[in-house]
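# Structural characterization, general
This is what each chain is made of:
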Amino acid sequence: MAGKAKKAAAGSKPAVLENDCIFCKIIKGEIPCSKVLEDNEFLAFMDIRPIIKGHALVIPKSHCTNILDFPKAEETDLVEFIKKVAKAVVKATDADGFNLGMNNGEAAGQVVMHAHFHIIPRFKDDGLVSWPHKEYAPGEIEGMRNKIKSFL
Ligand code: AMP
Ligand code: ZN
């Protein structure tokens, strides 16, 4: 796949070439990172601009853009890897909980176009505001549900 551009599955922005991908450069050791854990498939390292101190990132070592083109063979191992890192982040920061997050597509806030999972320690008094909620008009929720189901 090296050198070949793919269209991003979530968002209109074209996929980043592996050679230009900052996280691929971290994997190859061309750019430094504060490594937390790695195995054959995944790498965990500290987010350089944390939402809360202790914020870590987990990335697959093979380049993919987001969750929709994530390699199937690695899905099961990924959950175990994330759990391992998240437990350590929570213990190290003495957090009350953590957010596991992923931005898929530019519109969702994805800046680095190499799939990555955010592990963000949370504290009861950390002041981070949750996402605001909207209300559906009467009947609207069923219309949306039916539309989603039509694509399954
Ligand atoms: P996203 O907005 O979901 O694409 O998140 C990208 C994340 O990568 C941000 O939280 C950045 O702070 C983080 N980041 C970008 N470059 C680096 C880097 N060289 N080392 C560590 N974290 C980085
Ligand atoms: Zn990459």
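Residues numbered from 1 in each chain as written. Chains lettered and ligands numbered in written order. Predicted model: local features only at pLDDT ≥ 70, side-chain atom pairs only at ≥ 80, totals over all residues.

The next subject is the overall build of the protein. Regarding its fold elements, the protein presents three helices and five strands. Walking the protein from its N terminus toward its C terminus, one meets helices and strands in the order α-β-β-β-α-β-β-α. Looking at the protein alone, contacts between residues at least 24 apart form 56% of all its contacts between residues at least 6 apart. (Helix = DSSP H or I, 4+ residues; strand = E, 2+ residues; numbered from the N terminus. Contact = placed C-beta atoms within 7 Å.)

At D94, a position not held by glycine, the phi torsion is positive, near 55°. Its location among the elements puts D94 in the loop between α2 (75-93) and β4 (97-101). Given 9 C-beta atoms within a 10 Å radius, D94 is considered exposed. (Buried ≥ 20, exposed ≤ 12 C-beta atoms within 10 Å, placed from the backbone.)

Once that is clear, we can look at the sheet that holds strand β2 (residues 42-46). Strand-to-strand pairing in sheets goes through backbone hydrogen bonds, with the strands running parallel or antiparallel. As summarised here, the arrangement of the five strands in space is β1-β2-β3-β5-β4, forming an open sheet in which the pairing is antiparallel. In this open sheet, the two strands that pair with only one neighbour each are β1 (35-38) and β4. Adjacent strand axes in the sheet meet at a mean angle of 20°, parallel and antiparallel pairs treated alike. Pairing of β2 with strand β3 (residues 56-60) involves five bridges; the strand directions are antiparallel. Looking at the pairing, A44 lines up with V58 of β3. Here α2 sits on the sheet in contact with β1, β2, β3, β4 and β5 (117-122), set at roughly 25° to β5. (Pairing = 2+ DSSP bridges. Axes fitted to C-alpha atoms, helices over the stretch in contact; angles between N-to-C directions.)

On to the site of ligand 1. Close contacts around ligand 1 come from I22, I31, C33, D47, I48, R49, N103, G109, Q110, V111 and V112, and that covers them all. Among the residues forming the shell around ligand 1, the class breakdown is six nonpolar, three polar and two charged. (Near = placed C-beta within 6 Å. Nonpolar A, V, L, I, M, F, W, Y, C, P; charged D, E, K, R; others polar.)

With that settled, the discussion passes to α2. Taking 1.5 Å of rise per residue, the 19 residues of α2 would be expected to cover 27 Å, and the 27 Å separating its terminal C-alpha atoms lies within 8% of that figure. Listed in full, the buried residues belonging to α2 are F81, V85, A86 and V89. Each buried residue of α2 lies within a common arc of 130° when the element is viewed along its axis, so the set occupies one face. Across α2 from its buried face, at more than 90 degrees, point the exposed residues T76, V79, E80, K83, K87 and K91. As for α2, its buried residues are in contact with β1, β2, β3, β4 and β5. Phi turns positive, to about 55°, at D94, one or two residues after α2. (Expected span 1.5 Å × (residues − 1). Arc of directions from axis to C-beta.)

Secondary-structure assignment places K87 in helix α2. Here the alpha-carbon distance between K87 and G97, two residues 10 residues apart in the chain, equals 9.7 Å.

Another aspect to go through is the nonpolar core. Residues A44, A56, L57, V58, I59, V85 and I119 are the most contacted members of the largest nonpolar core, which totals 21 residues. Of all the secondary structure elements, the ones that give two or more residues to this core are α1 (22-28), β2, β3, α2 and β5. Contact partners of A56, with chain neighbours within four places excluded, come to V36, A44, F45, M46, D47, V85, V89 and I119. (Core = buried A, V, L, I, M, F, W, Y, C linked by C-beta atoms within 7 Å.)

Before going further, it helps to examine the confidence of the model for the protein. Per-residue pLDDT for the protein averages 91, and the proportion of residues at 70 or more is 89%. Across residues 1-9, where pLDDT falls below 50, the model places 22 contacts with residues more than four positions away in sequence or in other chains. (pLDDT = per-residue confidence, 0-100.)

Below, the discussion takes up the environment of T93. Inspection of the secondary structure assignment puts T93 in helix α2. For T93, a count of 17 C-beta atoms within 10 Å corresponds to the partly exposed category. Measuring from C-alpha to C-alpha, the distance between T93 and F123 comes to 9.4 Å, with 30 residues separating the pair along the chain. Non-local contacts of T93, meaning those with residues more than four positions away in its chain, are made with G54 and P121.

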